[in-house]
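Single-letter residue listing:
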Amino acid sequence: SFFVPGEPKSKGSTRSFINPKTNTMVTQPANPKMKEWQRLIQLAASQATDHGPSDKPVEVVAEFVMPRPKYHYGTGRNAVRLKVSSPIVHATTPDVDKLVRCVLDGLTHVLFDDDKQVCFVSARKRYVRQDEKPGVHIEVSPTNEVRAI
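Okay, so let's go over this structure. (Residues numbered from 1 in each chain as written. Predicted model: local features only at pLDDT ≥ 70, side-chain atom pairs only at ≥ 80, totals over all residues. Heavy atoms only, no water.)

## Side note on the layout of surface pockets
Piece 1. Estimated volume of the largest pocket: approximately 200 Å³.
Piece 2. T49, H51, L111, V140 and S141 are the residues nearest the centre of the largest pocket, which is lined by 13 residues in total.
Piece 3. When residues of the lining of the largest pocket are assigned to their parent elements, the largest contribution, four residues, is made by strand β6 (residues 135-142).
Piece 4. Partitioned by chemical class, the residues of the lining of the largest pocket number six nonpolar, five polar and two charged. (1 Å grid on protein atoms, 1.4 Å probe; cavity = no way out; pocket = protein on both sides within 12 Å on 5 of 7 lines; lining within 4 Å. Points joined across faces, edges and corners; volume = space filled by probe spheres on them. Helix = DSSP H or I, 4+ residues; strand = E, 2+ residues; numbered from the N terminus. Nonpolar A, V, L, I, M, F, W, Y, C, P; charged D, E, K, R; others polar.)

## Let's talk about the pairing of β6
Piece 1. Note: strand β1 (residues 2-5) against β6, four bridges, orientation antiparallel. Bridging across to β6, P5 finds its partner in G135.
Piece 2. As paired strands, strand β4 (residues 58-66) and β6 are joined by eight bridges and run antiparallel to one another. Of the residues in β6, the one forming a bridge with V61 is E139. (Pairing = 2+ DSSP bridges.)

## Considering the sheet that holds strand β5 (residues 118-127)
Piece 1. Overall, mixed pairing links the four strands, which are arranged β1-β6-β4-β5 in an open sheet. The sheet terminates laterally at β1 and β5, the two strands that pair on one side only. For this sheet, the mean inter-axis angle between neighbouring strands, taken without regard to orientation, is 15 degrees. (Axes fitted to C-alpha atoms, helices over the stretch in contact; angles between N-to-C directions.)

## Looking at the nonpolar core
Piece 1. Counting residues in each nonpolar core, the largest one holds 24 residues, and the members touching the most others are F2, V4, F64, L107, F112 and I138.
Piece 2. Looking at which element gives the most residues to this core, the answer is helix α2 (residues 96-107), with six residues.
Piece 3. Excluding anything up to four places from it in sequence, F2 contacts I41, A44, A45, A48, L107, L111, V136, H137 and I138. (Core = buried A, V, L, I, M, F, W, Y, C linked by side-chain atoms within 4.5 Å. Buried < 20%, exposed > 50% of the residue type's maximum accessible area, 1.4 Å probe, protein only. Contact = heavy atoms within 4.5 Å.)

## With respect to the packing of helix α1 (residues 34-48) against α2
Helix-helix packing is described using two parameters, namely the angle between the two axes and the distance between the axes.
Piece 1. Where α1 meets α2, the axes come as close as 8 Å, and the angle between the chain directions of the two elements is 50 degrees. Regarding the angle of α1 to α2, the classification is oblique. Crossing of α1 against α2: the hand is right-handed. Contacts from M34, W37, Q38, I41, Q42 and A45 in α1 reach C102, V103, D105, G106 and L107 in α2.
Piece 2. Tallied by class, residues from the contact of α1 with α2 come to seven nonpolar, three polar and one charged. (Parallel < 35°, antiparallel > 145°, perpendicular 65-115°, else oblique. Left-handed = near helix turned anticlockwise from the far one by under 90°.)

Structure (structure tokens):
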């Protein structure tokens, strides 16, 4: 288990196009900030383990702590207080499945050999609470069985 501080980034979809000069297919990630976020995940994961990547099935649990936009807060002397109308849950972009894809890619070759070893994933996203930093709480554990849903 470990925490990665920072604003969670999503993997997003890739964009493909043909380079007119070389006439070759080029594929780029839709979110260029995703690479730095993946590096932070890799660093935190490598610091949290004392062994190399596993070749066994694993379970991954992720809780994304998303920053709140400024308009959730009051103004003036109430700038540190949430408005009553502010939502409790984070039901906007980025999509939770794309956040998970970025985490799994960041954990690959650090905690497990390949993300195909992930047999169970549980993920949620929520807004930060008072005196809390944005980031992601990650728990990776071995599994010997696939959970029934």
